[in-house]
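Okay, here's what each chain looks like letter by letter:
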Amino acid sequence: MASITIPPRAAGICLVAASAAFFSTAGIFTRGTAAAAWVIIFWRGLAAAGFTLAWLSARGGLAAEVRALDRRGWLIAVMGAAGSAAFIPAFKLSSVANVALIYAAAPFAAAALAWPGLRCASGRLPG
């Protein structure tokens, strides 16, 4: 049986499109659920941790990934968890449109915050 090979660029485009399609439904499902925000956060985190551990275990890289995680990796993990924990209550306390607008502006805010740091790291002063 012949295997199908997908070019990496095409696979990346498909994965980003699928991610956007699934992620865009978060507001609808969060607003449509009667459960409290912390209950949703708990089950969402448990499912994410379970799928991540299963994926790493299936690839045989769980131990290597845990060993490779340094302070910066843990900081990024904590910041990601905090962002995820704030994302769900935002839908409960505001409109989906407001949350989507702020979330859409996040890459631009990150770029603006990173610009001076990246320029200083390259040896040039900001400005």
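Residues numbered from 1 in each chain as written. Predicted model: local features only at pLDDT ≥ 70, side-chain atom pairs only at ≥ 80, totals over all residues. Heavy atoms only, no water.

Turning next to the layout of surface pockets. In this structure, the largest pocket encloses a volume near 350 Å³. Lining the largest pocket are Ile41, Arg44, Gly45, Ala48, Trp74, Ala77, Val78, Gly80, Ala81, Ser84, Ala85 and Ile88. Sorting the residues of the lining of the largest pocket by element identifies helix 3 (37-59) and helix 5 (71-93) as the ones contributing at least two each. Take the lining of the largest pocket: its biggest share by element is eight residues, from helix 5. Class assignment for the residues of the lining of the largest pocket results in eight nonpolar, three polar and one charged. Volume-wise, the second largest pocket comes out at about 160 Å³. Counting residues per element, the ones that place at least two in the lining of the second largest pocket are helix 1 (8-23), helix 2 (26-32), helix 5 and helix 6 (96-121). Top contributing element to the lining of the second largest pocket by residue count: helix 6, with four residues. Residue composition of the lining of the second largest pocket, grouped by class: nine nonpolar, two polar and no charged. (1 Å grid on protein atoms, 1.4 Å probe; cavity = no way out; pocket = protein on both sides within 12 Å on 5 of 7 lines; lining within 4 Å. Points joined across faces, edges and corners; volume = space filled by probe spheres on them. Helix = DSSP H or I, 4+ residues; strand = E, 2+ residues; numbered from the N terminus. Nonpolar A, V, L, I, M, F, W, Y, C, P; charged D, E, K, R; others polar.)

Evaluation of the coordinates by the stated rule reveals one salt bridge. Residue Arg72 is joined to Asp70 by a salt bridge in which the shortest nitrogen-to-oxygen separation is 3.1 Å. Among the residues examined, Asp70 registers a relative accessible area of 36% and is labelled partly exposed. (Salt bridge = Lys/Arg side-chain N within 4 Å of Asp/Glu carboxyl O. Buried < 20%, exposed > 50% of the residue type's maximum accessible area, 1.4 Å probe, protein only.)

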